[in-house]
Amino acid sequence: MEEQEILTTLKILIIGESGVGKSSLLLRFTDDTFDPEQAATIGVDFKVKTLTVDGNRTKLAIWDTAGQERFRTLTPSYYRGAQGVILVYDVSSKQSFNKLDAWLNELETFSTKQDMVKMLVGNKIDRSNHEVSKEEGLKFARKHHMLFIEASAKTNDGVQCAFEELVEKIIQTPGLWETSGKTIRPGQGGADVSQGQSCYCVI
Amino acid sequence: MATSHRNRDKMSTNSRDSMISVEDEADVFEITDFTTASDWERFIARLEEILHEWKLVNHKPHPPAMKDQYSTGSWAEKSEEVIFADFRFTFTYMYLKTGEETNSEVGKQDRKGEDEDVDEDHRTPTVFLDLMNFDNDFPSRTHFLCRWYGLQEFLTLTPVSEKQCIDSESRAKLLLSSASIALGNSACGIPLFVQLQSRWRKLFTGTSLVNGGATVEFEMSHLKRLPSQFCHLAGLLDVFKSKLGCTYISMPPVSVSVRFTYILADWIHGSWPQIPPDFSSSFCDGEVGYGEIDFLPFGACLDPINELHLSCTWPCLSEDMIVENSLYSDLDPLQAPLWSVRLQMTDNPQCLLGDFLNDFLKLSERQESTEEVLKKVMPEADADRDKQNPEISHVLQRLTEPVPALSSVPSLGNVVSSASAKITFRPEDAPIPDELLGKILIYLFPDAKTPNAVHEGKVNSSAKPSSDPAQSASATDSGSETKAPAEHVSDIAAELNKKLKSSPTDSLTHKLSLALCHVNHQFGGLLAVAHLWQEFILEMRFRWENKILLCGIEKGAPNLGSCIVHQKLQMLNCCIECKIKRESSGFGYGPDSLNAHNTPSDALLESTSASSTQNSLHKVGSIASSSGDDEDDEFFECEDDENENPNEEQATAQKISVEAQENARVKKASKSSAEDEVLSTKSDVSQYQDSQTHRPEGRMVSMKNYFLLCTGEQLYIPITQEPSPMTEDMLEEHAEVLAKLGTTAEGSQIRARMQSACLVSDMESFKAANPGCILEDFVRWYSPRDYIVVGENGEDVPMDEVEARSKVEDPDMKEGDNVETESGERVKMTKALQGRLSQRMQIPGNMWVEAWQSARAVPARRQKRLFDDTREAEKVLHYLSSMRPAEVVLHLMPNIVHAAVSKVAGEAAAALVPNARSMLDQLVSRAATLTRSFPLDRNKYREMLRLLELAETISARTTSLRSKFTSNHLASPAQEGKEEEIEGFVTSLLTQGEVSVRGGACGPAGAVIHKMFIAAQRSNNMIMDDEESSDFLDSLYKKPLSRHGSDRRTSSSSNNSGTGSTGTRKNSDLSVPSPTQEVRSSASCADFPPASVREYILRAMVPRPAPYSKVLPQRMYCMLTDGDNRLAGAFTSDSTFQ
Ligand SMILES: Nc1nc2c(ncn2[C@@H]2O[C@H](COP(=O)(O)OP(=O)(O)OP(=O)(O)O)[C@@H](O)[C@H]2O)c(=O)[nH]1
Ligand SMILES: [Mg+2]
C-alpha cells in the first residue's frame, strides 16, 4: 500500500462537562481501548490520528479539554482555529445535558472559525440509567445545527463513526480548511468592468 | 472492436469526400501539395472529432433569440486547439445559452417528440432566422461577430500566436474550405469564421453550409477611410444591392435598421466637484482638536465619468421611408424612436482613499529596521543621548507642564525625564515637526493632556463624531429616504466590529494605525512612520515603568479576536494593572525593597490602606518575599478578605508558627476562631496532617452547607490566582510545546504536569483557607462530579447530580437562599460523609493525588506568581520595538481596512449608491477573511485595497452622475414630479451597461440629456448669451415656442399640468424641448454633434445566385466611425438551383 498524501491537518476539539467521558472517547478513537482508570484531565491533552474519509487522508490533531469549571478560564484559549468540535454529554446525567447551552455559548465566544462543524455526542449509552433520551439529544442538535450521535467509549459504539462523520462534514465545508480564493465584484458599476473580448465597445 | 471498425470506415469515407471536394475547388488544388495532404486530412479529422465532442453533429435548428436576449442572456464558450501544418489555431464555439439546454433529460425527450412531428428539413435553419431577426439589432454587449451578423452561435478559428496570422487570400480560402469539409461531413450548419490579418483588426471570413442546399458567405471589409459616396444610407444601399447582384429583377424593398451614437464629453453643468482634502488643517490648526487625525480622505480627483454615449435607434424601417444622402437626412436624433445611453468611465480617476492607503501599504515592502531608518537623521544617536537636547525635550512634558499634578490624572510631566532614551533629533531633522508630534501623541493619549482635555478626550473617543460613518451619515442626510442607508451603515459598523480581526474603533491601536497612515502621507513616508512608531514604543515603556494604564485599551485578558498588536497592548495593560496592584499596597516597588520582617501590625495597616483605595476587589496585589534576590521569589499577593468578610469578625493579631519550608514568608496577622480549635479527627489522618495546624488564610467566601469531612468545619472557597493572560502567539507557542510532547501516555503525563501549576496553586490556596481539609473536600468544591454519594435508591451518584436534583425537587429553594432547613443541612452532611472519591480520582499515583500531596498550605498572596508581569511586559516591549516599519504597517493593516470599509460604508450611504448594501457586505466578508488569515499577506491586502478603491470609484461615479442629472441648470418645472424617474434612470445607468431612455427625447431623462448636449454644443461653438447663463436654455425655447405654441407635445404636457393656471402652463410650455427643425435652427448651432458612430443593418429576402434560385436572407451590417469603417455582409446563395 502506498502512502497517500495527507490532504490537510484538521484541528478538532472535544468539550463538555467533567466526567462525561471525553478523554475516554478520544482514547477509544485513537488507541481503541477503554481505560476505566483514565485520570481527570488537567488543562488540555492532545492526540493525533490520521483518518481517511472519502479517499481523503487527513491528519487530525485532537485537543481534549478538561471539563472542570476551574479550568474553563484556561481551556478556551485552545479553541482557536479548530475546524470541528465534539460536544459531549453523558446520557446518564441530565445535568451534563443541561449544561450544553453554556458550552455552546463558550464556543461562540472563543472559537475563531465561524463556520466550524459541531457534533453532539451522547456518551455512555451502555449504561442502564438513561436520563437523557435520544430524542432530546436529536432535538438539541437540530436546534443548533449540529451533527448528532449516541455513543459509548466503553463498548465502542458510534465512536469511529462520530469522528468520521465530523471530518467528512469539515472536508465538505469549503473555506473551512483551505484558503478560498474567491473574488468578489462589488456591484456592477459601469460597463468597463467587463472584459474586452465579449464586450462590444462603440469606440 | 465493432466501434473501432466503424470509426475506421468513417475515416476513410471522410478522406474520400475530402478528396472529391478538393478536386472540385480548382484554385485550392493548385496550391495544395499532396505531401501536405496528411496535415490537412488530420486537421479536418480533428475538427470533426471536436464537433462530435461538442455534440454539434446533425445540429438541430434553434428558434430565434428572444428580444434583447443577446445582451441579457448568458453566453458560453468552448475551445480546443487544432493544428494545421505548423499553424496552431484556437477552435472556439460561442453560443447563447438557451433555456432548453439547461433543461433536464425530460425536456430533451419532449423536444425529440416534437422534432419527429415537424419535418427536420423544413424547419428554418438557425442562421437564416438569426440573420433576419429584428429583435436583437444593436445588442449592448456581446461578441462582435454576434453584433455584426446577429448570430446566436458560431465557430471561430483564430491563430494561437499573435505573430502568426492568415494574411494571404489563398491561405484563407484553403483554411475555410478545409473547415467547411469538416462541417459538411458533420452536417453542422453553424457558421464558421476564420480570422484574417492582425488580431486587432477583427477581420473574419466565414461560411455556413445550411441544411437543405444553401451556403452563406460571410464577408467583411475593414477600411480606414470610406469613399464619401458610401458614407450614408443611400450609398450603402447601393453597395448592398450591387453585392446581391440582382439588379435585373425588381427587388423587394430593403429593410433598414439604423443607430447613431452621439458622444457627450463636456459636462457643462456637472463638472466634477471634488475638492482635494486639506490634510494640513487637521495638524496645523490646534484649536480644531485632535479628533481629525482619524479623518480619511475620500473621492476621486478626476471626474470618474468620462463620457456619455447616446445611441438613437431607428429599428426596421423600409428603405422607401427614409432618406439619408450627402445632401439631406431624415435621421434626426430627436425623432429617433429609441434612445439608449451608456457611460464611459474614466480609467483611473485617482481615488483619494485608495491612493492614501496604497501609499501606506507600500511601506510594507521596505526592509529597513526602525533603527536603521532613524539613524539617517540622528547619526550619533548614542552620543546625543547624553546631551539630551533641551530643544527637543519631550513633547508630553511640555504639554503637561502648566497642569498642576492631579491625583486622578497621571502627571507625565513629573516623571517623563526619567523615561529611558527618548529619540533626539536635531530640530530641523525631525521627520514629524515637534508640535505636530505633540498633537498626534495627545490624540493617541488623551489622558496625557490637561485634566480638561482628558475629559474632552474621553468624550471625543466615545462619541467619535468624525470617525463614525454611521453618525456622520445620519447627520448629513436627515431626509427620511436616506434613513435606510444610514441604518445600513450602523449595521455595517456593528458587523465590522464583530467580524474583523482588528481592534475597536475607539481603541489606541485603531488610532495609532490611522495616525501612522497620516504621518506617512504628510511627513515623508517611512521616516515619519519610524519616528512615530519609536515615540509610541517609548511611551509604552514609559507607561509600563511608571504604572500608567494605557487609555483606549480595554481591560482584561487579550481578546483573541483582535489583531496581534492590539493583543500585545492589552497584555501590556494587564502587566501594568498587575504591577499597580502589586505595588499599591506599599510593600515595596520591587523585590529589592521588600521587608521580609514585616510586623503584623504593619501588614494590617497596609492591608487596611489598600482596601480603602481599592475597594470591592477580592484581590489586591502586594508583594512579599523572603530575600528578593531572585525574581522567582516574587509572590502573588492577595489582599486578605478578613476585613471585608462580615462572616469573620474575629481579627486579632496572633502569630502562628508554620512549617519549616514556609518560615521565611511573611506571616499574616490573623485570629483564631473558637471553632478552629475544635479539630475532629475523622478519617485518614495522614492526609490532612500537614494542614491541620496552621491558621486559616486567604478565604474568599464560605461555601454554604459544605463542611470539612474530618473537622466538620465550614468549608471556605479560597482566594485563588487568576490564570495568566495570553496573547495568541504565546498561546500558539504554548500549544506547540504541549503538542510536541507527543501522544504517548508519558507525554500526556508531562503535559498534565506542565499545566498543573494552576491546580497546585488552587490546592495550596484551598489548604491555606481550610485547615484540616482532605482531598475529598477539595474535590467536592473543585470537581463535584468526582465525588460519589449514595443516591436515594442506593446507587452511586455524582454529587453535583444530587444537588441538581434536590434543586429541581424543591423549586422554592434557590441558590443562595438563606432559609435552608436544619435537617436539609444535616442530610447533606451525612450524605457527604458517606461519599467517596470517584474511581478515577482514586487511581494511585494519579496527578490529582500527587498534586494534593505536594501542595502546601499557602494562600494565593504568598504563592509564586503564576503571572510574571515584569517578564511579560518586557516581552511585549521587545516585540514592539523589534518590529520593522514594514511589519508595523502590515500588522496594522487590519485596522486600516476596518476604518476604510467603514468610511466607504458612510460615503456610499451618503452618495446613495445603488446596491450599496451588497457591495458593502462583500467588502465586509472579504475583510473578515483577510484579517483572520495568517500569515499576513501583503498581496492580499493590496487586492483588498483595490476592491476598496473600486467601491470608492463607484461611490464617486454615483455622486458625479447624480449631480450631472440633477444640476439646477437642468431642472425645470416640467421635471417636477419626475425626480423619481430621473433617479431611477441614474441608478440603472450606474448598475447596467446600456440603459434605454423611456420616451426617448421626450421623456424626462431624455429632456435632460438633450439639454446637456445643447449646452456642450454651445460651449464648444463658443456661443455666449448676453443673458445669465442659467437662463440661456429657457431663452433657447422661448422663441420657437412662442411661435409654435400649438406643438403637439407641448399642448399635451400642459394638459397634464391639470389646473390650467397660467403660471404653470407658461412654465411647462417653456421648458418642454420641442424637437423640431425650427427649434434647432433658432440657435446658431445644432443641438447634437455629428454622430460619432453610425451603424446600419440592411436586410432583404432575395433569390441568389440566379433569379430562379430560392429566396434567401441577405444581410449587411455597416459601421462608420472616424478612421474605422466596417462592412460585414452575409450573403446566402442557393447551392441547388444555381
Ligand atoms: N459506562 C461508561 N463509562 C464511561 C464511558 N466513557 C467514560 N466512562 C467513565 O466515565 C468517567 C469519566 O471519563 P473521562 O473520560 O475521564 O471523562 P472526561 O470527560 O474526560 O472528564 P474530564 O477530563 O474531567 O473533563 C471514567 O470513569 C470513565 O471510565 C462509557 O462510554 N460508558
Ligand atoms: Mg478528560
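Computed from a predicted structure; not experimentally measured.

Cut-offs used in this document
Per chain, the residues get numbers from 1 upward, laid out in the order the sequence is written. Each chain gets a letter, beginning with A, and each ligand a number, beginning with 1, in the order they are written. Totals for whole chains, interfaces and linings use all residues, but because this is a predicted model, local features are given only for residues with pLDDT of at least 70 and pairs of side-chain atoms are given and counted only at 80 or more. In computing side-chain values, all of the structure's heavy atoms are included and hydrogens and water are not. At least two bridges found by DSSP between two strands are what make those strands a pair. Working definition: helices are DSSP H or I runs of at least four residues, strands are E runs of at least two. Numbering for both runs from the N terminus. Contacts are residue-level and defined by heavy atoms, with any inter-residue pair within 4.5 Å sufficient. Reported buried area values correspond to the accessible surface (1.4 Å probe) lost by two parts on association, with both partners' losses combined. Any carboxyl oxygen of Asp or Glu within 4 Å of a side-chain nitrogen of Lys or Arg constitutes a salt bridge here. Counted as donors are the N, O and S atoms within 2.8 Å of the metal, or 3.2 Å for Na, K and Ca, while water is not among the atoms, so some sites may look incomplete. We call a residue buried when its accessible area falls under 20% of the maximum for its residue type, exposed when it is over 50%, and partly exposed in between, using a 1.4 Å probe and counting protein chains only. The pLDDT value expresses, per residue, how confident the predictor is, ranging between 0 and 100. Only Phe, Tyr and Trp rings take part, Trp by its six-membered ring, and two of them pair if their centres are within 6.5 Å. Stacked means planes under 30 degrees apart, edge-to-face means over 60, and tilted covers everything else. Criterion for a charge above a ring: Lys NZ or Arg CZ within 6 Å of the ring centre, and within 35 degrees of the ring normal. Neighbouring residues are identified by heavy atoms, a residue being near a molecule or strand if any of them is within 4 Å of it. Polar contacts here mean pairs of N or O atoms no more than 3.5 Å apart (in protein, one a potential hydrogen donor and the other a potential acceptor; neighbouring residues in sequence count only if both atoms are side-chain atoms). Here the accessible surface of atoms and residues is derived via Shrake-Rupley with a 1.4 Å probe, and residues count as covered only by protein chains that are part of the display. Residue classes follow a fixed rule: Ala, Val, Leu, Ile, Met, Phe, Trp, Tyr, Cys and Pro count as nonpolar, while Asp, Glu, Lys and Arg count as charged, and any other residue, Gly among them, counts as polar. Like charges are joined within 9 Å and nonpolar side chains (Val, Leu, Ile, Met, Phe, Trp, Tyr) within 5 Å, but only among residues with over 30% relative accessible area and no salt bridge; these make up the patches. Axis lines are fitted through C-alpha atoms, for helices just across the contact stretch, and the angle between N-to-C directions can take any value from 0 to 180 degrees. The scheme is simple: roughly parallel for angles under 35 degrees, roughly antiparallel for over 145, roughly perpendicular for 65 to 115, oblique for anything else.

All names here are of chain B. Read across the sheet, 3 strands follow the order E14-E13-E15 without closing on themselves; strand pairing throughout is antiparallel. Every interior strand has two partners, whereas the edge strands, strand E14 (796–798) and strand E15 (836–837), have only one. For strand E13 (residues 787–790) and E15, the ladder comprises 2 bridges, and the chain directions are antiparallel. Bridging across to E15, Tyr 787 finds its partner in Leu 837.

Let us now look at the interface of chain A and chain B. Across the contact, 50 residues belong to chain A and 67 residues belong to chain B. Summed over both sides, the interface of chain A with chain B buries roughly 5300 Å², with 55% coming from carbon and sulfur. At the junction of chain A with chain B, the criterion picks out 2 salt bridges. We note a salt bridge from Arg 751 of chain B to Asp 45 of chain A, for which the minimum N-O separation is 2.7 Å.

Once that is clear, we can look at the coordination of the magnesium ion (ligand 2). Residues and elements named next belong to chain A. Taken together, Ser 23 (OG) and Thr 41 (OG1) make up the full set of protein donors to the magnesium ion (ligand 2), lying 1.9 to 2.0 Å away. Note that Ser 23 is positioned in helix H1 (residues 22–31) and Thr 41 in the loop between H1 and strand E2 (44–53), a separation of 18 residues in sequence. A residue is classified by how much of its surface remains accessible, and Thr 41, at 13% relative accessible area, is buried.

All names here are of chain A. Confidence along chain A averages 81 in pLDDT terms, with 85% of residues attaining 70 or more. Looking across chain A, the model is least confident in helix H3 (residues 100–110), with a mean pLDDT of 87, and most confident in strand E4 (residues 84–90), with 95. Taken together, the stretch residues 179–203 has pLDDT below 50 and engages in 52 contacts with residues farther than four places along the chain or on a different chain.

What follows covers the packing of aromatic side chains. All chains considered together, the criterion is met by 37 aromatic pairs over all chains. Consider the rings of Phe 46 of chain A and Trp 63 of chain A, whose centres lie 4.7 Å apart with planes at 50°: the pair is tilted. Here the residue Phe 46 of chain A occupies a position in strand E2, and Trp 63 of chain A occupies one in strand E3 (residues 56–65), the gap between them amounting to 17 residues. Judged by relative accessible area, Trp 63 of chain A falls into the buried class, the value being 5%. Aromatic rings pair up to connect Phe 71 of chain A together with Phe 766, Phe 778, Trp 781, Tyr 782, Trp 848 and Trp 852 of chain B into one cluster. Positioned over the ring face of Tyr 879 of chain B is Lys 568 of chain B, at 4.4 Å from the centre of the ring. Above the plane of the ring of Trp 544 of chain B lies Lys 579 of chain B, whose end atom (NZ or CZ) is 4.2 Å from the centre.

Another aspect to go through is the site of ligand 1. Neighbouring residues of ligand 1: 24 residues in total, closest Lys 22, Ser 24, Gly 67 and Asp 126 of chain A together with Arg 840 of chain B. Chain contributions to the surroundings of ligand 1 come from chains A and B. The separation between an oxygen atom of ligand 1 and a polar side-chain atom of Ser 23 of chain A is 2.8 Å. In this structure, Ser 24 of chain A approaches ligand 1 through a side-chain N or O atom, which is 2.6 Å from an oxygen atom. Contact with the protein chains covers 93% of the free accessible surface of ligand 1, which is 650 Å². The element best represented in the shell around ligand 1 is H1 of chain A, accounting for 3 residues. Classifying every residue of the shell around ligand 1 by side-chain character gives 6 nonpolar, 11 polar and 7 charged.

Turning our attention to a nonpolar patch on the surface. A surface patch of nonpolar side chains, amounting to about 350 Å² of accessible area, comprises Val 323, Leu 327 and Tyr 328 of chain B. Looking at where Val 323 of chain B falls in the secondary structure, it is placed in the loop between strand E8 (305–318) and strand E9 (338–345).

Bringing the sheet that holds strand E1 (residues 6–16) of chain A into the picture now. Backbone hydrogen bonds hold the strands of a sheet together, and the pairing may be parallel or antiparallel. All names here are of chain A. Spatially, 6 strands are ordered E2-E3-E1-E4-E5-E6 in an open sheet, and the strand pairing comes out mixed. Since the sheet does not close on itself, it has two edges, and those belong to E2 and strand E6 (147–150), each with one partner. On average, each strand axis in the sheet is inclined to that of its neighbour by 25°, with strand direction left out of account. Note that E1 and E4 share 5 bridges and pair parallel. In the sheet register, Ile 14 faces E4, and the bridge partner there is Ile 86.

With that out of the way, let us pick up the pairing of E3 of chain A. Residue and element names in this part refer to chain A. Most of E3 sits inside the fold, with 8 of its 10 residues counted as buried. Relative to E3, E1 is paired through 8 bridges, and the arrangement is parallel. Counted as the bridge partner of Ile 14 is Asp 64 from E3. The pairing of E2 with E3 spans 10 bridges and is antiparallel. Across the sheet, the residue bridging to Val 48 is Ala 61, located in E3. The turn joining E2 and E3, which pair antiparallel and follow one another in sequence, is formed by 2 residues; a positive phi near 55° is taken by Asp 54.

A few words now on the packing of H1 of chain A against helix H5 (residues 159–172) of chain A. Residues and elements named next belong to chain A. Two elements in contact, H1 and H5, have axes separated by 9 Å at closest approach and are oriented at 85°. Overall, the two elements H1 and H5 adopt an arrangement that is roughly perpendicular. Between H1 and H5, the contacting residues are Leu 25, Leu 26, Arg 28 and Phe 29 on the first element and Val 159, Gln 160 and Phe 163 on the second. Across the contact of H1 with H5, the residue classes tally to 5 nonpolar, 1 polar and 1 charged.

All names here are of chain B. Within this structure, the stated rule accounts for 47 salt bridges over all chains. For Glu 365, the salt bridge is made with Arg 942, and the minimal N-O distance between the two is 2.7 Å. Here Arg 942 lies in helix H38 (residues 938–966) and Glu 365 lies in the loop between helix H12 (352–362) and helix H13 (370–375), a separation of 577 residues in the sequence. With relative accessibility at 40%, the residue Glu 365 sits in the partly exposed group. Among the ionic contacts, a cluster of salt bridges with common partners joins Asp 491, Glu 495, Lys 499, Arg 917 and Asp 921.

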